[in-house]
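Spelled out from the first residue to the last, the chains are:
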Amino acid sequence: MQKSILFFVFSFLFIAPPGFVQAQILDDSTKQVYGTSTTRFITEKDWLGDSTAWRSLDTTVRGFHRYHPVRRSHYLLQDLGHNLGTATQPLFPQLPGAIGRHYGWDVYAPYVVQAEEVKYFDTKSPFTHFYYALGGRGQQIAELEFSRNITPLWNFGFLYRRTNTFRQFAATGNRNEDAILEQYNFVLHMSRRSKNGRYRFLAHYAHFNAPMQEYGGILMDEDDTPDSLYQYAEEGAQLLGASSWQTQNRYYLYHDYRLDSLFQLYHRGFYLRRRDRYHDDKVPDNPQTGFYGTLPSDKISDDVIYRELYNEAGIKGAAKAFRYRLFYRNRLYDLRFGWDNDSTQGNLVLKPRMEHHIGGALRLRKERMDVYAEGTYRLGSDYLLRASLRLPWFEASAQSSYVSPTWQQQYYWGSTGYWHNDFSPVFGNRLEAGIPVRLKRQRLHPFVRLVQASSWVYFQKDSEGRVQPRQTEALQAMGQLGVKTHWQWKYLHWQNELYLSRDLGEQSVWRFPEVFWFTSLFYERDLFKGNMQLCVGVDGRYQSAYEAYAYSPLHKVFYLADEYALRSYFVADLYANIKVKQLRAAIQFTHVNQNMAPPPFNGYQVTPYYAGMRRTLSLVLSWMFFE
């Protein structure tokens, strides 16, 4: 698949005839005048929300060094700490964002190009973007993005991204054996508008491929403690021959037709196919005895396939400051399980199921006020309500939901056993309010947040050591006080995010740090009469000790373990970013404070048995071309 994608990419780049695109823009002196100002893009969300504003390319130098999705989130994701592309979940509890019974198995979501993230361009000349991140310790991201207008109203483009990484502990020195992950994203997209502007069309195909060598975390020897797992290459692994593989294929379509400004018809739909596999034929040889719990045999080979056909049709429009949308949607999906553990082989197909949803959204936007409300109802079951208010001096948002558990939580048949649950929907509420204060060179945004849920579904080991889903009727609740600040003095900037969280639940199964702080101190200015931009600084992150969720590679899920508390720790990263014309570059020194304190304070973990990234030198490059 990857070879076919690469062949297509380079064939189109270098073989396509010059006349296939519109002519370049030249001024009277034949000087090229196209660039970032003549290349723009939109997303499906823009057209769905009836916005006609095109977006500009991101050419900022601030924050450019954060190539890792976890760092771009300001560390508000829990991952496996030491590598690109590993499993993730939100650091703080999140309520479901969509109604209906969804697939689950979502630990790779930050690495997948989601439908709402696909960019549809309008270019006056062929646009090419090369992005490369050499993260050190064998980490690498290589990305190629290309787009060109076939006609002034018809655009075509693609995105190809490859992420690979090497193991940071239990390393053998053999690059073939130490290469544990290769992730591929490929997106082929196009957009078209009619001459009169009434009809608009967006479509894309997206492919995600993530094979992974699983090693289950660091092996803890008899003389080890949780604070002695920072020898990296010298540490052992808990698993020897385990591997997992996730693939996703999505065919997506959006189009609308404008009758007038008040009435527009629209439709969007997609076909999605997802597959998750896990294989371990060396169970008896694994250094960590009983890693999977009690098993019926010495082999694990599981396969899950999910297919979904989604359609949504509705009417939307705008009248002065009001925008509205009303819709009907249906989802048709099925699920297949296959397994082979030597003693038994089989497959199980759940019959296709259909869901019907109705909903709507309303927005009132004025110069100093933005009010938004939306609601969705699944006939006979789920609902989701959201509302938000934004004023110059006050912001608030609320959500109430009643959402069915995922397929992963409800059904599973595999080599290690099965579960067939009848869990009730999860009921949740979320309230947030804040006061944004904007001065000439300072910004301050204190806020308060409350999240509550009942019938919460989580994962935990059973009496035989196997990870299983459970549902608790005890009320889960988190109260959070936070503040976001940005102080500036001349060219010096200091940004902060502070979260003070408290568990307010009964028999709580939520786990999160009570204190979390992200900070960035940097110097930013233009040099050489504005021909170069410079940003030099340090990022820092601190979180208090807490009993974090452990990770099960078999089920691709984080689970309640209570094995030991992760120690509080502060991580500092030094960086320098520059921009010269269309070229951006960054150099970063990750975990620069490693070994500045004696053991056991010379390292940290973000997930039990997974150490954080050690001191590493990283390079990042981005280069845009408009020819």
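To keep things clear, this report deals only with the structure shown in the data block. (Residues numbered from 1 in each chain as written. Predicted model: local features only at pLDDT ≥ 70, side-chain atom pairs only at ≥ 80, totals over all residues. Heavy atoms only, no water.)

### Details of the overall build of the protein
So the rule is basically this: Numbered from the N terminus, helices here are DSSP runs of H or I no shorter than four residues, and strands are runs of E no shorter than two. The reference for a compact globule is 2.2 Å times residues^0.38; the radius of gyration itself is calculated from the C-alpha atoms. Whether a residue is buried, partly exposed or exposed follows from its accessible area with a 1.4 Å probe, protein chains only, as a fraction of its type maximum: under 20%, in between, or over 50%, in that order. Contacts: residue pairs with any heavy atoms within 4.5 Å of one another. Residue exposure ignores everything except the shown protein chains as possible cover, and the areas themselves are Shrake-Rupley values with a 1.4 Å probe. Counted as positive: Lys and Arg. Counted as negative: Asp and Glu. His and the chain ends are not counted at all. The atoms used to mark charge sites are NZ of Lys, CZ of Arg, CG of Asp and CD of Glu.
Scanning the protein from terminus to terminus reveals 5 helices and 36 strands. Relative to a compact globule of 627 residues, whose C-alpha radius of gyration would be 25 Å, the protein shows 25 Å and is just as compact. By principal-axis analysis of the C-alpha atoms, the protein measures approximately 75 × 60 × 55 Å. Buried residues in the protein amount to 53% of all 627 residues. Of all intrachain contacts in the protein linking residues separated by at least 6 positions in sequence, the fraction that spans at least 24 positions is 65%. As displayed, the protein has an accessible area near 28,800 Å², and 57% of this comes from carbon and sulfur atoms. Of note, the protein has its 72 positive side-chain charges centred 11 Å away from the centre of its 61 negative side-chain charges.

### Considering the nonpolar core
To be explicit about the condition: We define a nonpolar core as any set of buried Ala, Val, Leu, Ile, Met, Phe, Trp, Tyr and Cys residues linked to one another through side-chain atoms lying within 4.5 Å.
Phe92, Tyr108, Trp456, Trp510, Phe516, Tyr551 and Phe558 are the most contacted members of the largest nonpolar core, which totals 50 residues. Of all the secondary-structure elements, those providing two or more residues to this core are strand S9 (179–193), strand S10 (199–214), strand S23 (442–454), strand S24 (456–461), strand S28 (515–527) and strand S35 (610–611). Filtering out sequence-adjacent residues up to four positions away, tyrosine 551 remains in contact with Leu80, Ala87, Val107, Lys556, Val557, Phe558, Tyr559, Thr607 and Tyr610. In terms of nonpolar packing, the next biggest core, distinct from the first, is built from 32 residues, Ala242, Leu272, Tyr278 and Phe459 among them.

### Focus: empty space enclosed by the protein
Spelled out, the test is: Both site types are read off a 1 Å grid over the protein atoms alone. A 1.4 Å probe that fits but cannot get out defines a cavity, while an open set with protein on both sides within 12 Å along at least five of seven lines defines a pocket; lining residues have an atom within 4 Å of a point. Grid points are joined across faces, edges and corners, and a volume is the space filled by probe spheres set on the points. Each residue is assigned to one class: nonpolar for Ala, Val, Leu, Ile, Met, Phe, Trp, Tyr, Cys and Pro, charged for Asp, Glu, Lys and Arg, and polar for all the others, Gly among them.
Following the criterion strictly, the structure yields 4 cavities of 30 Å³ or more and no others. Of the pockets and cavities examined, the largest cavity occupies roughly 200 Å³. Among the secondary structure elements, those contributing two or more residues to the lining of the largest cavity are helix H3 (69–72), strand S3 (77–78), strand S29 (532–543) and strand S32 (569–580). Split by residue class, the lining of the largest cavity holds 9 nonpolar, 8 polar and 4 charged.

### A word on the pairing of strand S1 (residues 39–42)
Applicable threshold: Pairing between two strands requires that DSSP report at least two bridges joining them.
As paired elements, S1 and strand S5 (residues 120–123) share 4 bridges and run antiparallel to each other. By the bridge assignment for S5, isoleucine 42 is matched with tyrosine 120. Sheet topology places S1 next to strand S2 (residues 55–56); 2 bridges connect them, and they run antiparallel. Within S2, the residue paired with arginine 40 across the bridge is serine 56.

### Let's talk about the layout of surface pockets
A volume near 990 Å³ is recorded for the second largest pocket. Together, 35 residues line the second largest pocket, and Arg72, Lys119, Tyr131, Glu143 and Arg161 are the ones closest to its centre. Of all elements in the fold, only H3, strand S6 (127–136), strand S7 (139–151), strand S8 (154–166), S9 and strand S36 (616–625) reach the threshold of two or more residues within the lining of the second largest pocket. Among the residues forming the lining of the second largest pocket, the class breakdown is 17 nonpolar, 8 polar and 10 charged.

### Re unusual backbone geometry
One non-glycine residue, tyrosine 75, lies in the positive phi region at around 65°. Positionally, tyrosine 75 belongs in the loop between H3 and S3. Located in the positive-phi region is tryptophan 105, a residue other than glycine, with phi close to 50°. Residue classification places tryptophan 105 among the buried positions, given a relative accessible area of 3%.

### With respect to a nonpolar patch on the surface
Under the convention used in this document: Distance thresholds for patches are 9 Å for like charges and 5 Å for nonpolar side chains (Val, Leu, Ile, Met, Phe, Trp, Tyr), applied to residues having over 30% relative accessible area and no salt bridge. Any Lys or Arg side-chain nitrogen found within 4 Å of a carboxyl oxygen on Asp or Glu counts as a salt bridge.
Taken together, Ile435, Val437, Leu439, Leu444, Trp487, Trp489, Tyr491, Leu492, Trp494, Leu521, Tyr523 and Val536 make up a surface patch of nonpolar side chains, about 1,100 Å² in accessible area. Elements with a contribution of two residues or more to the nonpolar patch: strand S26 (476–489), strand S27 (492–503) and S28. One can find tyrosine 523 in strand S28.

### Concerning the packing of aromatic side chains
Put simply, the rule reads: When the centres of two rings from Phe, Tyr and Trp lie within 6.5 Å, Trp using its six-membered ring, the rings pair. Their planes under 30 degrees apart give stacked, over 60 give edge-to-face, and anything left gives tilted. Only when the NZ of Lys or the CZ of Arg is both within 6 Å of the ring centre and within 35 degrees of the ring normal is a charge said to sit over the ring.
In the structure shown here, the tally under the stated rule is 41 aromatic pairs. Pairing phenylalanine 130 with phenylalanine 625 gives two aromatic rings, centres 5.9 Å apart and planes at 80°, and the pair type is edge-to-face. Placement of the pair is phenylalanine 130 in strand S6 and phenylalanine 625 in strand S36, with a sequence separation of 495 residues. A relative accessible area of 41% means that phenylalanine 130 is categorised as partly exposed. Counting every residue linked through ring pairs, the aromatic cluster contains Tyr103, Trp105, Tyr306, Tyr333, Phe337, Trp407, Tyr411, Tyr412, Trp413, Tyr418, Trp419 and Phe459. A cation over an aromatic ring shows up here: lysine 119 above the ring of phenylalanine 41, its NZ or CZ 5.0 Å from the ring centre. We note arginine 192 situated over the ring of tryptophan 154; from NZ or CZ to the ring centre the distance is 4.3 Å.

### Quick notes on the sheet that holds S2
As summarised here, the arrangement of the 3 strands in space is S2-S1-S5, forming an open sheet in which the pairing is antiparallel. Edge positions in the sheet fall to S2 and S5, since each of these pairs with one other strand and no more.

### Describing the pattern of salt bridges
When the charged atoms of two side chains lie near each other, side chains of opposite charge can form a pair. Under the definition given, this model contains 31 salt bridges. Of the charged contacts, one joins glutamate 374 and arginine 386 as a salt bridge, the two residues approaching to 3.1 Å between their closest N and O atoms. Taken together, the residues glutamate 374 in strand S16 (residues 369–378) and arginine 386 in strand S17 (residues 383–391) connect sequence positions 12 residues apart. Residue class for arginine 386 comes out partly exposed when judged on its relative accessible area of 27%.

### Remarks on the environment of tyrosine 412
Let me state the cut-off plainly: Under this definition, polar contacts are N or O atom pairs within 3.5 Å; protein pairs additionally need one hydrogen-donor-capable and one acceptor-capable atom, and for neighbouring residues in sequence, both atoms have to be side-chain atoms.
Here tyrosine 412 is to be found in strand S19 (residues 411–414). Ignoring any residue separated from it by four or fewer positions in sequence, one finds tyrosine 412 in contact with Trp105, Asp302, Phe337, Gly417, Tyr418, Trp419, Leu554 and His555. A polar contact of 2.3 Å, which involves the side chain of tyrosine 412, links it to the side chain of aspartate 302.

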